[in-house]
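These are the residues of each chain, in order.
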Amino acid sequence: MDKIKILFLAADPNDTVRLLLDRELRDIREKLQLAKFRERFVLESREAVRPGDITQAIFDVEPQIVHFSGHGTNTGEICFENDAGKVHYVKPEALAVVFELIAEQVKCVILNTCYSKTQAEAIAQHIPYVIGMYREIGDRAAITFATGFYKALGANRTVEQAYRFGCSEIQLENIPEHSTPILYSKRTEVLPKKSHFTVESFSTKDDLRSVDTLVPQVQERVADDIGYIEQVGTMRMFRINHPVPVTDVYVNLNILKQISSDDFSFSNRDRSDDNSTWWSLDRQGLGSTKQKEVPALETIRAYRKLIVLGKPGAGKTTLLKSLATACIYKNLGWNDSDYVPVFIELRKFAEDAAKHKELKHEEFSLYDAIQKLFKQWKVAPEDCKRILEEGRALILLDGLDEIPTNHSDFVAWQVSHFCQDFARNRFIITCRTQGIQYCFDSFAVVEIANFTREQACKFVHDWFTAMVGNSEETKELEQSLNTQLLINKPVGELAATPILLNLICCMFWARQGDLPTKRSELYDQCLKGLLEGEWDQSRGIQRGSELPLEEKEKLLAQIAYTLFENNDYLPHQRKLEKLIANYLQTQRSEAKYILKLLESQHGLLIQRSTQYFSFSHLTFHEFFTAKYIVSNPNPQEVFLCLVTHITESRWREVFLLTVEMLDDADNLLHLLQLMKCQIDRLLENDDKLQQFLCWVEEKSFSVKTSHNPAVIRAFYFDIGFDLAQIFTACRALSCAVNHNFDRGRDLAANPFNSNFGLTLFPDMNLDDSLASIFINTCDFGTDRINVDSIFDRATDCNVNSNMQCELKQLKDQLSDFYHKNSENFKQWWQENSQAWVEKLRSVMINHRNIGHDWKFSESQKQLLRQYYDANKQLVDCLNSDCCISLKVLREIENTLLLPTIRNISSKSYYA
């Protein structure tokens, strides 16, 4: 009989804490010498091992078992010694390469060092059995495990059984580290049971071969089970009245390895800036996260036990069904064993268990439910048990949050114990992010990430292909929708989860290739779908609710407005409960229950961190805030409060939605008038800013055009705004005003084209060119902006000879120095830029009446910017699909961007 050779390697560098390695070797040798089958084992040892000693020892001994004892780091390196006896770190991939080269010889590796799990995982790609340590392990536990392991091995037990005996020995010694050792068997992680110890029968090589034969046979029977294939191979689409194949619409998801509520930062909550919290928010979900997203399949492959969380309609069930389908047809793409896919809806399992209890039958366990499924596939109970014991099942448990409350503890207990009893299998449990209440040992918890832009486009393509077929019409529909989602950013932000994107696709198709003209209609439809529980109902899930739809909407509107007014997007749970209790005139305990329903059933209010909540989308928070304003019984009062926020960017969407949703013409007129008055008040007490507005009006009179005067005023306001170096607005205001008041003649096809009047009016073209030259050259730095073409454009205009000559001199100065030597140019510009810019300013003032040095203070610049943004806000409201009359439009047009004080000299700006 061939001897089993064990190579014991030890390293205890001088600059580390000393270990009892001699004792460990002595105890192992003693246990083997006392063993019943001691003649079968040969133990060889090497101490103070250096990296180069490893292969030499393996060549000399030719072992089947390699045992290393020593130190490990929390980053996965193993500590060997260098020639000086100091620490030499070896990375997991380096040691794995060695064992890959000797994989035919070595059958088992024991890494009896701290944090050796990473090394074990790497080596297990090549060696049948590898044992590592999940975390730090003490001397006593390490020695106890080793002696228990070799004692069992000497008694002719299998490696797996010996591993379990080693863990059990730690428990018997009352050392709290029995779960630290981890066994990887054929790349399969096996954790010790914590409740009790049992010796399982270990299959021989022939048995393993028969299991490898058994699994494909069961897979074939699963594929022949029409009912099961329909269950896992199809899915219900929101508002689609027939099932759709999963493979037709599933989009590969991404995963966040850290739960978003754990990753959320509250660093901006206490800042005094009213907009600070709003600017820090991620509109798709408020929680700002810097996490890298990982493909779901990559994450699932990395973890044998996984809980996948996600918002309502995030794609959790579809993910499990796609895995089951791929497993049946061997399309998982893993270099791993085949698995039998076991898909269990936990809600239905709870119902079956309850029926057994009602009929006073024996308790119906999760194991019974799985055996029942195998029986459906005509698989014998002993074969079912064997597959489970060998870890050849992919257990997919769907909807931990969907279990009725009175059954949740029972189901959780069943899941926990089944996972312990059959720990070698792969497990994936899904649950809503807000519904997770139970923690299962050894399970990693991850969360489904929002759709990326590419994933959303893929979903749209698959959706229309499934509904309409692969045709030219399909391509036109998906291209049109994707374009609208890209242009309309607030709507595009909702396309972050399958459920909402599905609904958007439905509405787009029903409207024959168009989204609702009013965004508020789309939001309303999305929210009603969530609040009415259509998604749950389509899957046969009933969730109790204490409030009718209308009351839910009113409650959410009240909460949204109160929080928005207080700039509180992340309220504490106590604050929400108080708001709910006050609105419903109920007790705090009832309010807490209602909050839980809103959170778990609809996913509109969700927990972001411990005791802090928010709306799931900032868009929904804004919509409900606007809904409160529109439906308020005292509109005059709430309008007065609203217009005080006209300068705050965080209220922009609320203003737009409010104006769009107001169907009472008188109320709309009153709100617009209040907005206009509030805007005019911003500058009415500052003489210099009123002078600036006088210049805008005077300059607009100099342009002879049939265009609306408001458009020309907006153009020169933009020019003056840029030249005052408040910030470059890219003609945003003038483009918006032109779109609203002069729709018949487009002054700028591209709203971000600074060449605003290029082909229409020479005066405006010239002024625009001069402004561009001035702005560019004021910001030269060391990287020269090429203004030659802008100079040429300016001089091509119909200008007088004196001005043309002065412009040419300025241009030549730049060109001569720049083309001769760029370094000389930088020095010249540093010395002469101020004089050059002032000369350009003089040309602009003398010949074109632009470019005046207003010498605005920082507070005046801030006021002017607020005035600019507020006017842009007003114009955007007028551009929205609101029920405004032409008369009201003209009234606002006639007073837009005009001074409120007329007794200021129009020439005083340059004094």
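This one's a predicted model, so the numbers in the text were calculated from it and none came from an experiment. (Residues numbered from 1 in each chain as written. Predicted model: local features only at pLDDT ≥ 70, side-chain atom pairs only at ≥ 80, totals over all residues. Heavy atoms only, no water.)

Engineer: Can you help me understand the overall build of the protein chain in this one?
Structural biologist: Looking only at helices and strands, one finds 39 helices and 21 strands in the protein chain. The burial tally for the protein chain puts 56% of its 911 residues in the buried class. Residue pairs at least 24 apart in sequence account for 73% of intrachain contacts in the protein chain once pairs closer than 6 positions are excluded. Within the structure as shown, the protein chain displays about 40700 Å² of accessible surface, and the carbon and sulfur contribution to it stands at 47%. (Helix = DSSP H or I, 4+ residues; strand = E, 2+ residues; numbered from the N terminus. Buried < 20%, exposed > 50% of the residue type's maximum accessible area, 1.4 Å probe, protein only. Contact = heavy atoms within 4.5 Å. Areas by Shrake-Rupley, 256 points an atom, 1.4 Å probe, with all protein chains shown as cover.)

Engineer: Help me understand the sheet that holds strand E17 (residues 393-398), please; the structure alone is not making it clear to me.
Structural biologist: Remark on secondary structure: sheet strands pair via backbone hydrogen bonds, oriented parallel or antiparallel. In space, the seven strands of this open sheet follow the order E14-E13-E19-E15-E18-E17-E16, with mixed pairing throughout. Sheet topology places strand E14 (294-295) and strand E16 (340-345) at the edges, where each strand pairs with a single neighbour. With two bridges connecting them, strand E13 (residues 254-256) and E14 associate as antiparallel partners. Directly across from Asn-254, in E14, lies its bridge partner Pro-295. The sheet contacts of helix H14 (residues 346-358) involve E16 and E17, and relative to E16 the element is tilted by about 70°. (Pairing = 2+ DSSP bridges. Axes fitted to C-alpha atoms, helices over the stretch in contact; angles between N-to-C directions.)

Engineer: How should I be thinking about the nonpolar core in this particular structure?
Structural biologist: A general trend in soluble globular proteins is that nonpolar side chains are found buried together. Among the nonpolar cores identified, the biggest contains 212 residues, and Phe-374, Phe-717 and Trp-836 are the most heavily contacted of them. With residues near it in sequence (within four places) discarded, Phe-374 still touches Val-218, Val-340, Val-342, Val-379, Cys-384 and Ile-387. In terms of nonpolar packing, the next biggest core, distinct from the first, is built from 32 residues, Phe-8, Leu-25, Ile-110 and Ala-141 among them. (Core = buried A, V, L, I, M, F, W, Y, C linked by side-chain atoms within 4.5 Å.)

Engineer: Looking at this structure, I do not really get the environment of Thr-452. What am I missing?
Structural biologist: Considering the arrangement of structural elements, one finds Thr-452 in the loop between strand E19 (444-448) and helix H18 (453-468). For the pair Thr-452 and Ala-495, spaced 43 residues apart in sequence, the C-alpha separation works out to 9.1 Å. Leaving out residues up to four positions away in the same chain, Thr-452 has contacts with Asn-254 and Glu-293.

Engineer: I'm lost on the pattern of salt bridges in this one. Help?
Structural biologist: Pairing between side chains of opposite charge can happen when their charged atoms approach one another. Applying the stated criterion across every chain yields a total of 35 salt bridges. Note that Glu-44 and Arg-46 form a salt bridge whose closest N and O atoms lie 3.9 Å from each other. Under the relative-accessibility criterion, Arg-46 is labelled partly exposed at 27%. A salt bridge links Arg-865 to Asp-869, with the shortest nitrogen-to-oxygen separation between them at 4.0 Å. Taken together, the residues Arg-865 and Asp-869, both in helix H38 (residues 858-879) and four residues apart, mark about one turn of the helix. According to the relative accessible area criterion, Arg-865 is partly exposed, its value standing at 38%. In this structure Asp-869 comes out as partly exposed when scored by relative accessible area, which is 35%. The structure contains a network of salt bridges with shared partners spanning Glu-160, Arg-164, Glu-390 and Arg-424. (Salt bridge = Lys/Arg side-chain N within 4 Å of Asp/Glu carboxyl O.)

Engineer: I'm lost on the confidence of the model for the protein chain in this one. Help?
Structural biologist: Taken residue by residue, the protein chain gives an average pLDDT of 80. The fraction at 70 or more is 82%. Ranking the elements of the protein chain by mean pLDDT puts helix H11 (residues 276-279) last with 40 and E17 first with 95. Below a pLDDT of 50 lies the segment residues 187-209, which in the model reaches 60 contacts outside its immediate sequence neighbourhood of four places, other chains included. With pLDDT under 50 throughout, residues 262-288 is counted as low confidence; its partners more than four residues away or in other chains account for 63 contacts. (pLDDT = per-residue confidence, 0-100.)

Engineer: Help me out: how do you make sense of the pairing of strand E15 (residues 305-310) in this one?
Structural biologist: Each regular strand carries side chains that alternate between the two faces of the sheet. Most of E15 is tucked away, with six of its six residues classed as buried. What you see with E15 is no split at all: Lys-305, Ile-307 and Leu-309 on one side and Leu-306, Val-308 and Gly-310 on the other are buried throughout. Pairing geometry for E15 and strand E18 (residues 426-432), over six bridges, is parallel. Bridging across to E18, Ile-307 finds its partner in Ile-429. Pairing geometry for E15 and E19, over four bridges, is parallel. Opposite Val-308, over in E19, you have Val-446 as the bridge partner.

Engineer: Just to check I follow, could you spell out the pairing of strand E7 (residues 108-112) for this structure?
Structural biologist: Within E7, five of the five residues are buried, leaving the element largely enclosed by the surrounding structure. Burial along E7 is two-sided: Cys-108, Ile-110 and Asn-112 and Val-109 and Leu-111, pointing in opposite directions, are all buried. In terms of strand pairing, E7 meets strand E8 (residues 129-133) through three bridges, oriented parallel. Across the sheet, the residue bridging to Val-109 is Val-130, located in E8. Between E7 and its parallel partner E8, the chain crosses via helix H4 (residues 117-123), and the hand of that crossover is right-handed. (Right-handed = clockwise from strand over helix to strand, strands pointing away.)

Engineer: Looking at this model, I keep getting lost on helix H21 (residues 498-510). Mind explaining?
Structural biologist: Because the α-helix completes a turn every 3.6 residues, residues three or four places apart line up on one side. Over its 13 residues, H21 extends 18 Å from the first C-alpha to the last, a length consistent with the 18 Å expected when each residue adds 1.5 Å. Within H21, eleven of the 13 residues are buried, leaving the element largely enclosed by the surrounding structure. Those residues of H21 that sit buried are Pro-498, Ile-499, Leu-500, Leu-501, Asn-502, Leu-503, Ile-504, Cys-505, Cys-506, Met-507 and Phe-508. Just downstream of H21, Gln-512 is the residue with a positive phi angle, here 60°. (Expected span 1.5 Å × (residues − 1).)

Engineer: Help me understand the side chain of Glu-577, please; the structure alone is not making it clear to me.
Structural biologist: Relative to the helices and strands, Glu-577 is located in helix H25 (residues 573-584). Residue classification places Glu-577 among the buried residues on the basis of a relative accessible area of 6%. If we skip the residues at most four places from it in the chain, Glu-577 touches Arg-588, Ala-591, Lys-592 and Leu-595.

Engineer: Explanation requested: helix H1 (residues 21-33) in the structure shown.
Structural biologist: The first and last C-alpha atoms of H1 sit 18 Å apart over 13 residues, in line with the 18 Å expected at 1.5 Å per residue. Among all positions of H1, only Leu-21, Glu-24, Leu-25, Asp-27, Ile-28 and Leu-32 are buried. Down the axis, H1 shows its buried residues gathered within 165° of arc, on one side only. Seen from the buried face of H1, the exposed residues on the opposite side, beyond 90 degrees, are Asp-22, Arg-26 and Gln-33. Those residues of H1 that are buried are in contact with strand E1 (4-10), strand E2 (41-46), strand E3 (65-69), E7 and helix H5 (139-154). (Arc of directions from axis to C-beta.)

Engineer: Got a minute to help me understand the packing of aromatic side chains in this structure?
Structural biologist: Any aromatic ring pair is given by two values, namely how distant the centres are and how the planes are angled relative to each other. For the coordinates displayed, the defined rule picks out 33 aromatic pairs. Geometrically, the ring pair formed by Phe-349 and Phe-364 is tilted, given 6.0 Å between the ring centres and 35° between the ring planes. In this pair, Phe-349 is assigned in helix H14 and Phe-364 in the loop between H14 and helix H15 (366-376), connecting sequence segments 15 residues apart. Both residues of the pair, Phe-349 and Phe-364, belong to the buried class. Relative to Trp-651, the ring of Phe-564 lies with its centre 4.8 Å away and its plane at 80°, an arrangement referred to as edge-to-face. Highlighted residues: Phe-564 in helix H24 (residues 549-565) and Trp-651 in the loop between helix H28 (635-643) and helix H29 (652-661), separated in sequence by 87 residues. (Phe/Tyr/Trp six-rings, centres within 6.5 Å; stacked < 30°, edge-to-face > 60°.)

Engineer: Explain the sheet that holds strand E5 (residues 78-81) to me, please; I cannot follow it from the model alone.
Structural biologist: As summarised here, the arrangement of the three strands in space is E4-E5-E6, forming an open sheet in which the pairing is antiparallel. Pairing within the sheet leaves two strands with one partner each, and these edge strands are strand E4 (71-72) and strand E6 (87-90). Note that E5 and E6 share four bridges and pair antiparallel. Of the residues in E6, the one forming a bridge with Phe-80 is His-88.

Engineer: Can you walk me through the packing of H1 against H5 in this structure?
Structural biologist: Each packed pair of helices is defined by two parameters, the angle between the axes and the distance between the axes. The N-to-C vectors of H1 and H5 enclose an angle of 20°; their axes lie 9 Å apart at closest approach. Between H1 and H5, the crossing angle belongs to the class labelled roughly parallel. Two packed elements cross with a definite hand, and for H1 against H5 that hand is right-handed. For the pair H1 and H5, contact is made by Arg-23, Glu-24, Asp-27, Ile-28, Lys-31 and Leu-32 and by Ile-143, Ala-146, Thr-147, Tyr-150 and Lys-151, respectively. Classifying every residue of the contact of H1 with H5 gives five nonpolar, one polar and five charged. (Parallel < 35°, antiparallel > 145°, perpendicular 65-115°, else oblique. Left-handed = near helix turned anticlockwise from the far one by under 90°. Nonpolar A, V, L, I, M, F, W, Y, C, P; charged D, E, K, R; others polar.)

Engineer: Help me understand unusual backbone geometry in this model?
Structural biologist: The phi torsion of most residues other than glycine is negative, and most of the peptide bonds are trans. Here Tyr-115, not a glycine, exhibits a phi torsion of approximately 55°, which is positive. Within the fold, Tyr-115 resides in the loop between E7 and H4. We note that Asn-156 has phi near 70°; this positive angle belongs to a residue other than glycine. Positionally, Asn-156 belongs in the loop between H5 and helix H6 (159-172). Judged by relative accessible area, Asn-156 falls into the partly exposed class, the value being 43%.

Engineer: Would you explain the packing of H24 against H25 in this entry?
Structural biologist: Direction vectors running N to C along H24 and H25 enclose 130°, while the axes themselves pass 10 Å from each other. Classed by the angle they form, the pair H24 and H25 counts as oblique. Where H24 crosses over H25, the two elements pack in a sense that is right-handed. Side by side, H24 and H25 meet where Glu-551, Lys-554, Leu-555, Gln-558, Ile-559, Thr-562 and Leu-563 of the first sit next to Lys-575, Leu-576, Leu-579, Ile-580, Tyr-583 and Leu-584 of the second. Of the residues in the contact of H24 with H25, the class split is eight nonpolar, two polar and three charged.

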